Amino acid sequence: MPLISIVIPVFNASKNLEKCLNSAVNQTYSRIEILLVNDGSTDGSKELCDKYAQENDNVIAFHTPNRGVSSARNTALKKCSGELVTFLDADDTLNVDAIQSMIDGYQNTLADIVVGSFVKVTSEGKILRTVGGSNEDILHTMKGVVDYTLNYIRNPRKNQLLMSCWAKLFKVSIIKNNGIWFDLNLEQGEDVKFNFDYLKHIERALFLKKVVYNHLKASDYISLSMKFPENPRKLFGMVDTLPSIEGFLLDYDQSMDIKRDLGGYYIYQAVLFLIRLCGQVNCGNLGKIRRCIKNLFNEPQFQDHIVDYVPAEGNYRLIPFLIRYKLILILIVLCRCEAISIYSNTN
């Protein structure tokens, strides 16, 4: 039975942390170590981490100054002893047999990564959406992973299983032998970059039909990736993952023509950025938001991609139209309404 390391970065997560930790310590698979990295919390999370470490021999708590989720995960990766590692966010939970299900898949196939399905849930536990959950387990070769990735960037509302580091089993040897770490310079999408840096070094990936993970969808802008930052452009951080996705695809086939696909992905992320940005508009920051949008419109990369952009089925159509014709005030109003709609639907 291989030892599994469960890495949990913690920052001011006391509201949901106990539920998260209980889901980790109560796994049916017993050979686990749980590494908690308290990233400078000030809300009682530190004390909860210490409590669980004192009560459970397989829980280890580390305390660091606040340096961000990437630093916290990297700290745990350097300290972990497991053959395989999985990540769990402090607001989320694992199903009780999650590790066992992923281990069974790993041992049956010897895949280099096991990718579990997950559900998005409200704070009350209501299931909003299942991501993955196909009719059968699928063992992909590299070509299958590449095809899955291409389908994602062509329509980012689908095939989202590689866009987070949780609900997965990674081989620690591949991570450490290839110097794969979370990028400290990214405030969004750091797990996407990590995944695709890792995927360059695999041969097979197992996608499980079974749901193993419950991801809490915020009902407001409490998520650190959503909050209005000093530099609003940081809300557009997912676009910084493009080089990693492109590098993974071209590493497989350098002749692949994906310029238009990547351009479409860029514009899709721009739309999400605008919704997040305008969802926080008020009288005090309206001018700052307008300037941020104008700066985005003037970026050469944006101008190149918007010309040929055609929304995939089910994706936003009116917002790209307003973007193309730079109708900023109407755009702000529409994006604000869309943000309200998205977050009110989580209640």
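Residues numbered from 1 in each chain as written. Predicted model: local features only at pLDDT ≥ 70, side-chain atom pairs only at ≥ 80, totals over all residues. Heavy atoms only, no water.

(A) Expanded view of the overall build of the protein. Of the regular secondary structure elements, the protein holds 13 helices and 10 strands. For the protein, whose C-alpha radius of gyration is 20 Å, the value lies close to the compact-globule estimate of 20 Å for 347 residues. Taken along the three principal axes of its C-alpha coordinates, the protein extends 60 × 50 × 35 Å. Within the span of the protein, comprising 347 residues, buried residues form 54% of the whole. In the protein, 39 positive and 38 negative side-chain charges are present, and the distance between their average locations comes to 6 Å. (Helix = DSSP H or I, 4+ residues; strand = E, 2+ residues; numbered from the N terminus. Rg over C-alpha atoms; globule rule 2.2 N^0.38 Å. Buried < 20%, exposed > 50% of the residue type's maximum accessible area, 1.4 Å probe, protein only. Lys, Arg positive; Asp, Glu negative; His and termini not counted. Charge placed at Lys NZ, Arg CZ, Asp CG, Glu CD.)

(B) Local environment of the layout of surface pockets. Considering only enclosed or pocket space, the second largest pocket measures out at about 310 Å³ in volume. In this structure, the second largest pocket is lined by 18 residues; those nearest its centre are Arg-260, Asp-261, Gly-263, Gly-264 and Asp-308. Mapped onto the lining of the second largest pocket, the elements with two or more residues apiece are helix H5 (142-154), helix H9 (259-278) and helix H11 (300-307). Sort the elements by how many residues they give to the lining of the second largest pocket and H9 lands first, with 7 residues. When grouped by side-chain class, the residues that make up the lining of the second largest pocket number 8 nonpolar, 4 polar and 6 charged. (1 Å grid on protein atoms, 1.4 Å probe; cavity = no way out; pocket = protein on both sides within 12 Å on 5 of 7 lines; lining within 4 Å. Points joined across faces, edges and corners; volume = space filled by probe spheres on them. Nonpolar A, V, L, I, M, F, W, Y, C, P; charged D, E, K, R; others polar.)

(C) The arrangement of the pattern of salt bridges in detail. With the rule as written, the count across this model stands at 9 salt bridges. A salt bridge links Glu-55 to Lys-51, with the shortest nitrogen-to-oxygen separation between them at 3.5 Å. Of the two residues, Glu-55 and Lys-51 both sit in helix H2 (residues 45-55), 4 residues apart, roughly one turn of that helix. Salt-bridge contacts for Asp-112 lead to Lys-171; the nearest nitrogen and oxygen are separated by 3.0 Å. Linking Asp-112 in the loop between helix H4 (98-109) and strand E6 (113-121) with Lys-171 in strand E9 (residues 168-171), this pair joins segments that are 59 residues apart in sequence. Across the pair, exposure class does not vary: Asp-112 and Lys-171 are buried alike. By sharing partners, the salt bridges in this structure join Arg-73, Asp-89 and Glu-190 into a single network. (Salt bridge = Lys/Arg side-chain N within 4 Å of Asp/Glu carboxyl O.)

(D) Spotlight on the pairing of strand E2 (residues 32-39). Within E2, 8 of the 8 residues are buried, leaving the element largely enclosed by the surrounding structure. Residues Ile-32, Ile-34, Leu-36 and Asn-38 of E2 are buried on one face, and the alternating residues Glu-33, Leu-35, Val-37 and Asp-39, pointing to the opposite face, are buried as well. Where strand E1 (residues 4-10) and E2 come together, 7 bridges link them in parallel fashion. Residue pairing for E2: Ser-5 is matched across the bridge by Glu-33. In this region the chain leaves E1, passes through helix H1 (residues 14-25) and returns to the parallel neighbour E2; the handedness of that crossover is right-handed. Relative to strand E3 (residues 59-64), E2 runs parallel, the two sharing 6 bridges. Following the sheet pairing, Asp-39 is matched in E3 by Thr-64. Traced from E2 through H2 to E3, the parallel crossover comes out right-handed. (Pairing = 2+ DSSP bridges. Right-handed = clockwise from strand over helix to strand, strands pointing away.)

(E) Spotlight on the packing of aromatic side chains. Scanning all chains against the criterion turns up 13 aromatic pairs. Aromatic pair Phe-87 and Phe-170: ring centres 5.8 Å apart, planes at 65°, arrangement edge-to-face. Here Phe-87 is found in strand E4 (residues 84-87), whereas its partner Phe-170 is found in strand E9, with 83 residues between them in sequence. For Phe-87, a relative accessible area of 1% puts it in the buried group. (Phe/Tyr/Trp six-rings, centres within 6.5 Å; stacked < 30°, edge-to-face > 60°.)

(F) Representation of the environment of Phe-321 within the structure. Counting through the fold element by element, Phe-321 comes out in helix H12 (residues 318-324). For Phe-321, a relative accessible area of 42% translates into the label partly exposed. Separated by 12 residues in the primary sequence, Phe-321 and Tyr-309 have C-alpha atoms spaced 9.8 Å apart.

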